[in-house]
Amino acid sequence: MNFLPININIEGKKIVIVGGGRVGLHKATILSRFTDEATIVSPQFKEGFESLPFTLVQKSYEPSDLEGALLVYVCTENAELNEQIKRDAEERHVLASVCDSPKLCDFTSPAIFKEGNLAVAVSSNATDVRLAMRIRDSIRENFELIREKASSFVSVYKK
């Protein structure tokens, strides 16, 4: 696997999360830091989804749920269904992230530290998620020092 780190403009774009369990809630919570526009499809929703700014559609997944989407996060707890959703996404040219199955992913979600307009993403090419999270946490814990050092570097660079 060789994932290219990029930023995607998601303003006004359709994003779908399929799955209302623990993993879907985790992805939705992260996504809510960047947009208030997404649709989550699931027959049932874990407590916590109702506090997110997204449209909740309580029903079983259907391929038509992906129509017009840019991205889909596949977060069901059913491997066979996840693979079907991935195939449906490919047919519709929708980028898919099949959570906990990097080999099926078109994209992965890095560990993200966000402060205002600054976002720092740490990715391990889907090989060591825990290390990426520890590095992200270290950035969070040391952010003021990093900002201070970066500001002095920018001052020197402008001269």
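Residues numbered from 1 in each chain as written. Predicted model: local features only at pLDDT ≥ 70, side-chain atom pairs only at ≥ 80, totals over all residues. Heavy atoms only, no water.

Engineer: When you look at helix H2 (residues 79-91) in this model, what are you seeing that I'm missing?
Structural biologist: Because each turn of an α-helix spans 3.6 residues, side chains separated by three or four positions end up pointing in the same direction. When the terminal C-alpha atoms of H2 are compared, their 19 Å separation across 13 residues agrees well with the 18 Å that a helix rising 1.5 Å per residue should span. Regarding H2, the residues found buried are Asn82, Ile85, Lys86, Asp88 and Ala89. Buried positions in H2, seen along its axis, are confined to an arc of 165° and lie on one side of it. Exposed residues lying more than 90 degrees from the buried face of H2 are Glu80 and Glu91. Looking one or two residues beyond H2, the residue adopting positive phi is His93, at roughly 60°. (Helix = DSSP H or I, 4+ residues; strand = E, 2+ residues; numbered from the N terminus. Expected span 1.5 Å × (residues − 1). Buried < 20%, exposed > 50% of the residue type's maximum accessible area, 1.4 Å probe, protein only. Arc of directions from axis to C-beta.)

Engineer: I keep staring at the side chain of Lys27 and nothing clicks. Help me out?
Structural biologist: Relative to the elements of secondary structure, Lys27 occurs in helix H1 (residues 22-31). At 7.2 Å, Asp100 is the nearest oppositely charged side chain to Lys27, a buried residue that forms no salt bridge. In contact with Lys27, not counting residues within four places along its chain, are Ile17, Tyr73, Cys75, Cys99 and Ser109. (Lys, Arg positive; Asp, Glu negative; His and termini not counted. Salt bridge = Lys/Arg side-chain N within 4 Å of Asp/Glu carboxyl O. Contact = heavy atoms within 4.5 Å.)

Engineer: Whenever I open this one, the state of the cysteines confuses me. Can you help?
Structural biologist: Joining two cysteines, a disulfide is a covalent bond between their sulfur atoms. In this structure the tally under the stated criterion is zero disulfides. A disulfide-free cysteine, Cys75 has its sulfur positioned 3.3 Å from the sulfur of Cys99, the nearest such atom. (Disulfide = S-S within 2.5 Å.)

Engineer: Sorry if this is basic, but what is going on with the environment of Arg140 here?
Structural biologist: Assignment of secondary structure puts Arg140 in helix H3 (residues 129-141). The contact partners of Arg140, leaving out residues within four places of it in the chain, are Ile112 and Phe113.

Engineer: What exactly am I supposed to notice about H3 here?
Structural biologist: Relative to the 18 Å expected for 13 residues at 1.5 Å per residue, H3 spans 18 Å between its end C-alpha atoms, a close match to the ideal helical length. For H3, the complete set of buried residues consists of Ala132, Arg136 and Ile139. Buried positions in H3, seen along its axis, are confined to an arc of 55° and lie on one side of it. Along H3, exposed side chains directed more than 90 degrees from the buried face belong to Arg130, Arg134 and Glu141.

Engineer: I'm lost on the pattern of salt bridges in this one. Help?
Structural biologist: A pair can form between side chains of opposite charge whenever their charged atoms are brought close. A complete count under the given rule lists nine salt bridges for this structure. With a closest N to O distance of 2.9 Å, Asp65 and Lys59 form a salt bridge. A residue is classified by how much of its surface remains accessible, and Lys59, at 24% relative accessible area, is partly exposed. A salt bridge links Glu67 to Arg92; the nearest nitrogen and oxygen atoms lie 2.7 Å apart. With Glu67 in the loop between strand S3 (55-58) and strand S4 (69-74) and Arg92 in the loop between H2 and strand S5 (95-98), the pair connects residues that are 25 residues apart, well separated along the chain. Classification of Glu67 as partly exposed rests on a relative accessible area of 44%. Shared partners join several salt bridges into a network, and the residues in it are Lys59, Glu62 and Asp65.

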